[in-house]
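As a plain string of letters, each chain reads:
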Amino acid sequence: MMDRRFLVARYVLADLIGSALAWTLFYAYRKLHLEPIKFGYAIPLDFDANYFKGLVLVPLFWFGLYTMIGGYREIHRRYRIMELGQTLLISLIGVVVIFFVLLLDDEVANYTYYYRSFAALFLLHFGISFLLRFLLTSSTVRKVHDRVIGFNTVLVGGNEQALAIHAEIEGMKKSPGNRFVGFVNVNGGDQLLTTVGLPRLGKWNELRAVIGQHAVEEVIIAVDSGEHAHISRIMTELEGTGVRIKIIPDMYDILSGSVKMTSIFGAPLIEVNPQIMPAWQFSVKRVFDITASALALMILSPLFLVLAILVRSSSPGPVFFRQERIGKHGRPFNIVKFRSMYMGAEANGPQLSSTSDPRITPIGRWMRKTRMDEIPQFWNVLKGDMSLVGPRPERQHFIDAITEVAPHYTHLHKVRPGITSWGQVKFGYAENVDQMVRRLKYDILYIENMSLAVDLKILAYTVLIILKGDGK
């Protein structure tokens, strides 16, 4: 199978060459056509220092833009219509940036010079970049159809439906890319796929281990109508694995209009969208996190000093409180806060705080109401452990308690935890597991509706809570 990194390298090289060629042709167009109009005489085509500076910086700019918008993600799953739309959008954004940064201060004979410059640069870059990407994507699509490139796939269920979808996909002249490595069964009787030589890899609750052992990239859930109660448990088992999930729809799904086609000629499958937000929004969110956190650490440094003195004078012990929390993809990290409790507050084991908790110091009570104890977490955001907005990170002890009541809690580990969240704005600090579960509803809703606009709303409400001192 073709190395995925080699495919990415081909796209990166094509983008660098294409943008360099477009810049060269645009430079020649300006020298040979536009500048004679401006000066009234012929201008020789001289490749000066500005040209060579642009030859280095402009392709790097385009590479960064493609990376930020997700132009190199899942490169083996790209298709030509997607390539057209994405290249058109990126070309428009990039040319606008280059135009305002490099070209707007040019001395011109009249305003039409700007229009011609913009149009020439856009058409050259889009035309060359799309042509190269179209050729590469056509080659990749052809290799997928010819089964040269494939995605290790596991079927969940071994019943008639699973047997039928396996036969349909395997019988397609143009493969959708599924390379079946085996199946997991939902109950003891659904093992019909063994009759066509597909091995049983375990039961549905062993999916995580199966995915790791067989480098699975896609899971197709094929269960009978009477087994739909299993789907939510199967989905929970797949949380955080990073695999693509597809479900065979039954007739009720089709008649109720809940099935969206993923391919004109492919098998009828509902694809569970793995993208919480578009790649470019995730990139903008991270840039905003870094910028805002760096500014906050600099601007709030005098407040840091005051709070540090207050914490130190309020009770014996360190200024900062560090504790292990669970972050994105279940990775542990150490959260940093201003200490708001007396030393030895958890001598008897992990405990949640309450409104009248005697373990909280007087200054700690005020910091919790105004969220001032959270300020050091800007450092966690800079490091990449957290985001400004995201579900609040918890300790493993309480995660174990929550998942006994609400197994779908692991859904929160899809994203970086945050300093503030929708659940935090609604509930503040949870006092027991029941409140944690109630807060979970809002954090799940946040993830399902993630966007930069929602983040800004949550940040605005957080600022209001800080100003009013209404924190719980």
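None of the values given here were measured: they were computed from a predicted structure.

Draft legend 1. The overall build of the protein, seen in detail. Along its length, the protein carries 16 helices and ten strands. The buried share among the 472 residues of the protein stands at 46%. Restricting the contact set of the protein to residue pairs at least 6 apart, pairs at least 24 apart contribute 72%. Of the accessible surface of the protein, which amounts to about 23900 Å², a share of 64% is contributed by carbon and sulfur atoms.

Draft legend 2. A look at helix α9 (residues 279–299). Between its first and last C-alpha, α9 extends 30 Å over 21 residues, near the 30 Å set by a 1.5 Å rise per residue. Listed in full, the buried residues belonging to α9 are Ala279, Gln281, Ser283, Lys285, Arg286, Asp289, Ser293 and Ala296. Lining the buried residues of α9 we find α2 (49–69), α10 (301–314), α12 (377–383), β9 (387–389), α15 (433–448) and α16 (452–468).

Draft legend 3. Structural context of the side chain of Thr140. Inspection of the secondary structure assignment puts Thr140 in helix α4 (residues 112–145). Once residues within four sequence positions are removed from consideration, Thr140 is found in contact with Leu7, Tyr11, Ile75, His76 and Ile149.

Draft legend 4. Broad picture of the environment of Val181. Within the secondary structure, Val181 sits in strand β2 (residues 178–185). Taking the C-alpha atoms as reference points, Val181 and His214, 33 residues apart in sequence, are found 7.5 Å from one another.

Draft legend 5. Molecular detail of a nonpolar patch on the surface. A contiguous nonpolar surface patch, about 400 Å² in accessible area, is contributed by Leu89, Ile93, Val97, Val101 and Leu102. By secondary structure assignment, the location of Leu102 is in helix α3 (residues 80–103).

Draft legend 6. Molecular detail of the pattern of salt bridges. Taken as a whole and judged by the stated rule, the model has 13 salt bridges. The closest approach of N and O atoms between Glu74 and Arg77, which form a salt bridge, is 4.0 Å. Relative accessible area serves as the criterion here: at 38%, Glu74 is assigned to the partly exposed category. Note that Asp373 and Lys337 form a salt bridge whose closest N and O atoms lie 3.7 Å from each other. Taken together, the positions of Asp373 in the loop between α11 (362–370) and α12 and Lys337 in strand β8 (residues 332–338) put the pair 36 residues apart, joining distant regions of the chain. One network of salt bridges, in which partners are shared, links Glu74, Arg77, Glu218, Arg244 and Lys246.

Draft legend 7. The packing of α9 against α10, seen in detail. Here α9 crosses α10 at 60°, and the two axes come no closer than 4 Å. On the basis of the axis angle, α9 is oblique to α10. Each of Ala296, Leu297, Met298 and Ile299 in α9 lies in contact with α10, whose residues at this interface are Ser301, Pro302 and Phe304. Looking at side-chain class alone, the contact of α9 with α10 contains six nonpolar, one polar and no charged residues.

Draft legend 8. Representation of the packing of aromatic side chains within the structure. This model, assessed by the stated rule, comprises 16 aromatic pairs. Ring centres of Phe63 and Tyr72 lie 5.7 Å apart, and the angle between their planes is 35°; on these two criteria the pair is classed as tilted. You can call Tyr72 buried: its relative accessible area is 13%. Among the aromatic residues, those joined into a cluster by ring pairs are Tyr27, Phe47, Tyr51 and Phe52.

Draft legend 9. Summary view of the nonpolar core. Core analysis: the largest hydrophobic core is formed by 36 residues, its most contacted members being Phe338, Met367 and Ile375. Among the elements of the structure, α10, β8, α11, α12, β9, α13 (396–405) and α15 are those that each provide at least two residues to this core. Sorting elements by how many residues they give to this core places α15 first, with five residues. When residues no more than four places from it in sequence are discounted, the contact partners of Phe338 are Phe304, Leu307, Ala308, Val311, Val319, Phe320, Phe321, Met367, Met372, Asp373, Ile375 and Pro376.

Draft legend 10. Expanded view of unusual backbone geometry. The backbone phi angle of Ala215 is positive, close to 50°, even though this residue is not glycine. As for its position among the elements, Ala215 is in the loop between α6 (207–214) and β4 (218–221). Backbone geometry at Arg371 places phi at a positive 65°, although glycine is not the residue there. Relative to the assigned elements, Arg371 resides in the loop between α11 and α12.

Draft legend 11. A look at helix α5 (residues 160–170). Within α5, burial applies to Ala162, Ile165, His166 and Ile169. Taken end-on, α5 shows its buried residues confined to a sector of 100°, consistent with a single buried face. Of the surrounding secondary structure, the elements contacted by the buried residues of α5 are β1 (151–156), β2 and β4.

Draft legend 12. The arrangement of the environment of Lys143 in detail. Along the chain, the position of Lys143 falls in helix α4. Taking the C-alpha atoms as reference points, Lys143 and Ser175, separated by 32 residues in sequence, lie 9.3 Å from one another.

Draft legend 13. Region of the structure containing the environment of Val405. If you trace the backbone, Val405 turns up in helix α13. Taking the C-alpha atoms as reference points, Val405 and Val437, 32 residues apart in sequence, are found 7.8 Å from one another.

Draft legend 14. Highlighting the confidence of the model for the protein. Counting all residues, the mean pLDDT for the protein is 83, and 88% of those residues have values of 70 or more. Scored below 50 in pLDDT, residues 254–259 makes seven contacts in the model with residues more than four places away or belonging to other chains.

Draft legend 15. Expanded view of the pairing of strand β7 (residues 320–326). Inspection of the sheet shows β7 paired to β8 by seven bridges, in the antiparallel sense. What sits directly across from Glu324, in β8, is Asn334. Adjacent in sequence and paired antiparallel, β7 and β8 are bridged by five residues, among which His329 carries a positive phi angle near 60°.

What counts as what
Residues numbered from 1 in each chain as written. Predicted model: local features only at pLDDT ≥ 70, side-chain atom pairs only at ≥ 80, totals over all residues. Heavy atoms only, no water. Helix = DSSP H or I, 4+ residues; strand = E, 2+ residues; numbered from the N terminus. Buried < 20%, exposed > 50% of the residue type's maximum accessible area, 1.4 Å probe, protein only. Contact = heavy atoms within 4.5 Å. Areas by Shrake-Rupley, 256 points an atom, 1.4 Å probe, with all protein chains shown as cover. Expected span 1.5 Å × (residues − 1). Patch = residues over 30% accessible without salt bridge, like charges linked within 9 Å, V, L, I, M, F, W, Y side chains within 5 Å. Salt bridge = Lys/Arg side-chain N within 4 Å of Asp/Glu carboxyl O. Axes fitted to C-alpha atoms, helices over the stretch in contact; angles between N-to-C directions. Parallel < 35°, antiparallel > 145°, perpendicular 65-115°, else oblique. Nonpolar A, V, L, I, M, F, W, Y, C, P; charged D, E, K, R; others polar. Phe/Tyr/Trp six-rings, centres within 6.5 Å; stacked < 30°, edge-to-face > 60°. Core = buried A, V, L, I, M, F, W, Y, C linked by side-chain atoms within 4.5 Å. Arc of directions from axis to C-beta. pLDDT = per-residue confidence, 0-100. Pairing = 2+ DSSP bridges.

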